[in-house]
Structure formats: structure tokens, C-alpha cells
Amino acid sequence: MINNTTGYVPGEDARYGKSVTRVSWGAIFAGVVLAIAVQLVLGILGTGIGLSMVDPVEGTTPGAAGFGIGAGIYWLITTVIALGAGGYTAARVAGVHDRFDGLVHGLVVWGVTLILTLYLLTSAVGGIVGGAFRTVGSVASAAGTGIGAAAPKVADVAGVDVSDVRNEAAQYFSTAPSDPAQMTPEQAQKEIAQELPALAAGGQDGARAESRIVDIIAAQRKISRPEAQAQVTRAKAQFVQSKNKAIATAKSATDTAAGAAAGTSFTIVIALLIGAAAAAFGATAATRRRV
């Protein structure tokens, strides 16, 4: 429909009769730059405020829970301000006259800012972590090479015979006597430690391992086999009780962590939606009335 006074056709340029682009990416880019800049400035300001509250000497440092809640609220407020300013700037620079066009500019500013922020964070953190791991790997490799080359020299300086060390190691790992009565206490302990995995696994191997442990305890402590069996049975019961308690604790911790992660996810989603609403409100507020 043509305006009788101006000859204006909605959606067309009055001078050239061409369709006007309803989305100005230059204006959106300006809004995104301004939003990120405002967010950074306010974030640095918040960091300074938070650090000024830390006073370990006087003991007035806020608790972790209160500090975290305050930081979250401050981050939400700064996000609303930054995205609101970015949406307002985009709509104002684009010179939109329709509220829907302004709403679109604000939401696009919010989306581009979100994607760009996530990309910058992930790329920066990934680069730092990757570089750190590469550095640690290089240092560890160099250290291992240097230690391998220096070990014989250090042994020579200390007057240690490498063959003696090997003989001692071979003697330490030598097979214990099959008769428990002929074992030393150290050999008995090593034998019991070797049988414990099979005992924990159960089944036929577990029964064999339990019988072997009972024989060793009876011979080492010079007690009857039924007494040794009673001691092993009590130890097994205590082990099972401790294992069940550890499993229950791990399940409880897992459930708590899952609940906290779910709550955090919902909170982040709500905060992002509030940011989108702030950008949209700022853009629609900047919509110019057509003359």
C-alpha cells in the first residue's frame, strides 16, 4: 500500500524502489563488540571488588558459598547490562523502525556474543592446557633421559656395585618356601598379599587363596587352623563391610554431584535467557519512530 502523502511503500526504499535489508550485520557487529567490551570491563571491575574483600590477616574473608553466590549475581547483572547495551546499539545504528526488526537485531547480538564468547573461552583454555601438557611431557622426557644417563655415574661415585643391587633385588623377589612354617615374616606377608586379589575375586580360586592364607597365619602365629580360619573370616567380614560402605559413599557422592550439575545447568540456561531478554529489550527500546 502506497502512502498518499509520501508515496512510501513499506519495505522498499522510497528513492530507488528497492527492497531495504531488514538485518544490518554492521550494526550487529557493533553491538557485539560493545557487549563484549562492557562485559570485560565489568568483569575486571568485579574481580577487583572481590579481591579487595579478601583479608586473610584480619580474618574477614567471605566464605566460599557466599562469595560464589555474590559472584554469580554480579555476573548476571553485568551480562544484562552488556547485552542490553549491545542490543540497543545494534538497533540504534541500524536505524530500524519496526519493533520486530529491533527484536531480531537484539537476539542476533545475543546469539553471536554467546557463540563468540564460548569460542574464545574454549580455544584459550584448550591452548593453555595443551601447551602445559606438552611442556610437562617435554620436561619429563628430558628428565628421564638425564636420569638414565646419570644413574651409573652416581652409583660409581657412591661406591655401589650394580651387580650387588641386582642380586639383592633378585633375592627380594625370590620365591618363598612352599611350607608356611619355613617362611620368614616378610615372606609370609608377601605371600598373603599375593593371595588377596584371588581371595577378593571369590570362586574356586578364592577358596584356594583363603585356605593358603589360613595355613600361613596358623604357621606364623603358631595357632590351630580353626583359630586362624576364624581370624580370616573376621577379616573378610570387615573387608566386605568397608567395601559396601565405600560403595554407598561413592553412590551418594555421585548422586550429589549429578544433582549439583543439573542445578547448575538449569541456572545457566535461565541466566542465558535473561541475557537474551535484556538484549531484546535494549533493541526494542532503541527502535526509532517513523517520521
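Residues numbered from 1 in each chain as written. Predicted model: local features only at pLDDT ≥ 70, side-chain atom pairs only at ≥ 80, totals over all residues. Heavy atoms only, no water.

Considering unusual backbone geometry
The backbone phi angle of Lys-222 is positive, close to 55 degrees, even though this residue is not glycine. Mapped onto the secondary structure, Lys-222 falls in the loop between helix H6 (203-221) and helix H7 (225-285). (Helix = DSSP H or I, 4+ residues; strand = E, 2+ residues; numbered from the N terminus.)

Observations regarding the pattern of salt bridges
Taken as a whole, this structure holds four salt bridges when the rule is applied. Across the pair Lys-236 and Glu-210 runs a salt bridge whose closest N-O atoms are separated by 3.1 Å. Taken together, the positions of Lys-236 in helix H7 and Glu-210 in helix H6 put the pair 26 residues apart, joining distant regions of the chain. Under the relative-accessibility criterion, Glu-210 is labelled buried at 15%. Note that Asp-215 and Arg-225 form a salt bridge whose closest N and O atoms lie 2.8 Å from each other. Taken as a pair, Asp-215 in helix H6 and Arg-225 in helix H7 lie far apart in primary sequence, ten residues in all. Residue classification places Asp-215 among the partly exposed residues on the basis of a relative accessible area of 29%. (Salt bridge = Lys/Arg side-chain N within 4 Å of Asp/Glu carboxyl O. Buried < 20%, exposed > 50% of the residue type's maximum accessible area, 1.4 Å probe, protein only.)

What about the nonpolar core?
Judged by nonpolar contacts, Ala-198, Leu-199, Ala-209, Ile-213, Val-214, Ile-217, Ala-218, Ala-228 and Val-232 together constitute the single largest core of nine residues. Those elements giving two or more residues to this core turn out to be helix H5 (185-201), H6 and H7. Looking at which element gives the most residues to this core, the answer is H6, with five residues. In this structure, Ala-228 is in contact with Val-214, Ile-217, Ala-218 and Ile-223, ignoring residues within four places of it in sequence. (Core = buried A, V, L, I, M, F, W, Y, C linked by side-chain atoms within 4.5 Å. Contact = heavy atoms within 4.5 Å.)

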